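Here is what each chain is made of, one letter per residue.
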Amino acid sequence: MFQQDAVVHAAVSLIAERVRERVRLDGVDLGSDRSLADDYVRDEIRRYSERALGGSLPLLADERQTARDVVASITGFGPLQVFFDDDTVEEIWINRPDRVFVARNGVAELTDLSLTAMQVRDLVERMLQSTGRRVDLSSPFVDASLPDGSRLHVVIPDVTQKHWAVNIRKFAKRIKELRQLVALGSLSPAAAEFLRLCVVSGQNILVSGATQSGKTTLLGALLTAARPHERIVTVEETFELSFTARDAVGLQCRQPSLEGTGEITLRRLIKEALRMRPDRLVVGEVREAEALDLLIALNSGLPGMCSIHANSARDALAKLSTLPLLAGRNIDSSFVVPTVAASIDIVVHCALDGDGRRYISQIVAPTGEVTAGTIDADAIFELREGSLNPTGSSPARVAKFHAAGVDLADALRGESV
């Protein structure tokens, strides 16, 4: 079996190299023309098979599969392309060349794919080719967005032990709107309507949850509910957000150059975004001192959204009250905590269970008050018997709802509009 796989790999490599030689001579771009790539590959497979019949090369057991492998090698991501093409695969990661995993519906699976160390490096280089980013000994980590919107993260030795660690979080094309989350059972109709009204009325929304719990997907669905005339400016470390809007601009961070210059941080991007006439500012995720710049922007009356890693909605408020302290010694909790309480209107917590199911477990509304250093917040929706239901409480601050002409009564009674 191993010998057969080696023969197939050698044949694919040989045919792919001959196609590349023709591409260089003809000066064409196969990446933008799949049908032309198929023609080139078909021609070279025919030539290979003719030579194989003459006894100079091993015969191909499956020409169609070989053609798919060659096309993937040239225009896609080689052995990983099959997982990119599989819509059920949400994430791909490589712990070492012979340990390649995928996740479907939040559940990890060990694949039977076995690569070489050189193949892993070649794949990473190909993925980074269009991003302008790099990974080397001086910069052993890299985050990048692939052309299809998937997010790539790579760590190399000696930060890792012996092998390159690669994670690819695929771009989810399925979920664009809140009603799709309702259809999947992640959100109740009444809670979806409440969140839609929160977006329409310009509430500042914090989305919390663990890794892979669906925070970015929910942010995108919320943004799709924004008013059509709004200008939305998004700020991310790497592009991940996907939503439909008439007037939107996305900004992402930049790594420093080889000389250590040219770095663009989230803090810088938030400040630049405020100069771009946004009607709504969105920060993909806050992790560090950029939380201070976000709070200052939200406290100035600009509607916004962001996500944060946290164990619960209330923990998210506590964490957001801590991160700005990283901005400098002159920032203290006596300023930050009341600012968070005044700036954040709604917290939506995303959860992921052991079976891979993603769902919204809680929606809370800060009251604007602080008691003993803790931000007071009322639970508006809570998970009860597997469904996200209204608690009977309503947001303490309703001025934004009233200004937008929004009536929460039906949604808070558990009725969808």
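These numbers were taken from a predicted model, which means no experiment stands behind them.

1. Here we look at the overall build of the protein chain
(1) Moving on: For the protein chain, the helix and strand inventory stands at 14 helices and 15 strands.
(2) Moving on: Across its three principal directions, the C-alpha atoms of the protein chain cover 85 × 50 × 40 Å.
(3) Moving on: Of the contacts formed within the protein chain by residues at least 6 apart in sequence, a portion of 54% connects residues at least 24 apart.
(4) Moving on: In the structure as shown, the protein chain presents an accessible area of about 20700 Å², 50% of it carried by carbon and sulfur atoms.
(5) Moving on: Averaging the coordinates of the 48 positive side-chain charges in the protein chain and doing the same for the 56 negative ones gives two points 2 Å apart.

2. Quick word on the sheet that holds strand E8 (residues 231–236)
(1) Moving on: With respect to topology, nine strands assemble into an open sheet ordered E9-E8-E10-E11-E7-E12-E13-E14-E15, the strand pairing being mixed. A strand with exactly one partner marks an edge of an open sheet, and here the two such strands are strand E9 (247–252) and strand E15 (387–390). The average angle at which neighbouring strand axes cross in this sheet is 25°, direction not considered.
(2) Moving on: Running over the sheet, helix H7 (residues 189–200) touches strand E7 (205–209), strand E10 (280–283), strand E11 (304–309), strand E12 (346–352), strand E13 (358–371), strand E14 (374–384) and E15 and is turned about 140° from E14.
(3) Moving on: Sitting on the sheet, helix H9 (residues 266–273) is in contact with E8, E9 and E10, with an inclination near 170° to E8.

3. Looking at the packing of aromatic side chains
(1) Moving on: With the rule as written, the count across this model stands at three aromatic pairs.
(2) Moving on: Their ring planes at 5° and their centres at 5.7 Å tell us that Trp93 and Phe101 sit as a pair that is stacked. Here Trp93 matches Phe101 in class, with each residue buried.
(3) Moving on: Measuring from ring centre to ring centre gives 5.5 Å for Phe194 and Phe381, while their planes differ by 45°; the resulting arrangement is tilted. Here Phe194 is found in helix H7, whereas its partner Phe381 is found in strand E14, with 187 residues between them in sequence.
(4) Moving on: Since its relative accessible area comes to 0%, Phe381 is described here as buried.

4. Here we look at the nonpolar core
(1) Moving on: With 41 residues, the main nonpolar core has Leu178, Phe194 and Ile363 as its most contacted residues.
(2) Moving on: Where this core is concerned, the elements lending two or more residues are helix H6 (178–183), H7, E7, helix H8 (215–224), E12, E13, E14 and helix H14 (409–412).
(3) Moving on: For this core, the leading source of residues is H7, giving nine residues.
(4) Moving on: Those residues within four positions of Leu178 in sequence are excluded, and the remaining contacts are Leu187, Ala192, Leu195, Arg196, Leu218, Ala221, Leu222 and Ala225.
(5) Moving on: Counting 38 residues, the second-largest nonpolar core is a separate cluster that includes Leu320, Val336, Val347 and Ala377.

5. Looking at helix H2 (residues 34–53)
(1) Moving on: Helix length check: H2 (20 residues) gives 28 Å between terminal C-alpha atoms against 28 Å at 1.5 Å per residue, within 8%.
(2) Moving on: For H2, every residue scored as buried is listed here: Ala37, Tyr40, Val41, Glu44, Ile45, Tyr48, Ser49 and Ala52.

Parameters and conventions
- Residue positions within a chain follow its written sequence, with the count starting from 1.
- Where totals are concerned, whole chains, interfaces and linings use all residues; where local detail is concerned, this predicted model gives features only for residues with pLDDT of at least 70, and gives and counts side-chain atom pairs only at 80 or more.
- Side-chain metrics rest on all non-hydrogen atoms present in the structure, leaving aside hydrogens and water.
- In DSSP terms, a helix is any run of H or I states spanning at least four residues, a strand is any run of E spanning at least two, and both are numbered starting from the N terminus.
- Working rule for contacts: check all heavy atoms of both residues, and any pair within 4.5 Å makes them a contact.
- Using a 1.4 Å probe, the Shrake-Rupley method yields the accessible areas, and only the shown protein chains count as cover for residues.
- The convention is simple: Lys and Arg are positive, Asp and Glu are negative, and His and the chain ends are not counted.
- Each charge is placed at NZ for Lys, CZ for Arg, CG for Asp and CD for Glu.
- Strand pairing is defined by DSSP finding a minimum of two bridges between the two strands.
- Note on geometry: axes are C-alpha line fits, over the in-contact stretch for helices, and angles between N-to-C directions span 0 to 180 degrees.
- To pair, rings of Phe, Tyr and Trp, with the six-membered ring standing in for Trp, must have centres within 6.5 Å; the planes then decide the type, stacked if under 30 degrees apart, edge-to-face if over 60, and tilted in the middle.
- Any residue under 20% of the maximum accessible area for its type is buried, any over 50% is exposed, and the rest in between are partly exposed; the area is computed with a 1.4 Å probe on protein chains only.
- By nonpolar core is meant a set of buried Ala, Val, Leu, Ile, Met, Phe, Trp, Tyr and Cys residues that side-chain atoms within 4.5 Å join together.
- A helix's residues, less one, multiplied by 1.5 Å, set its expected span.

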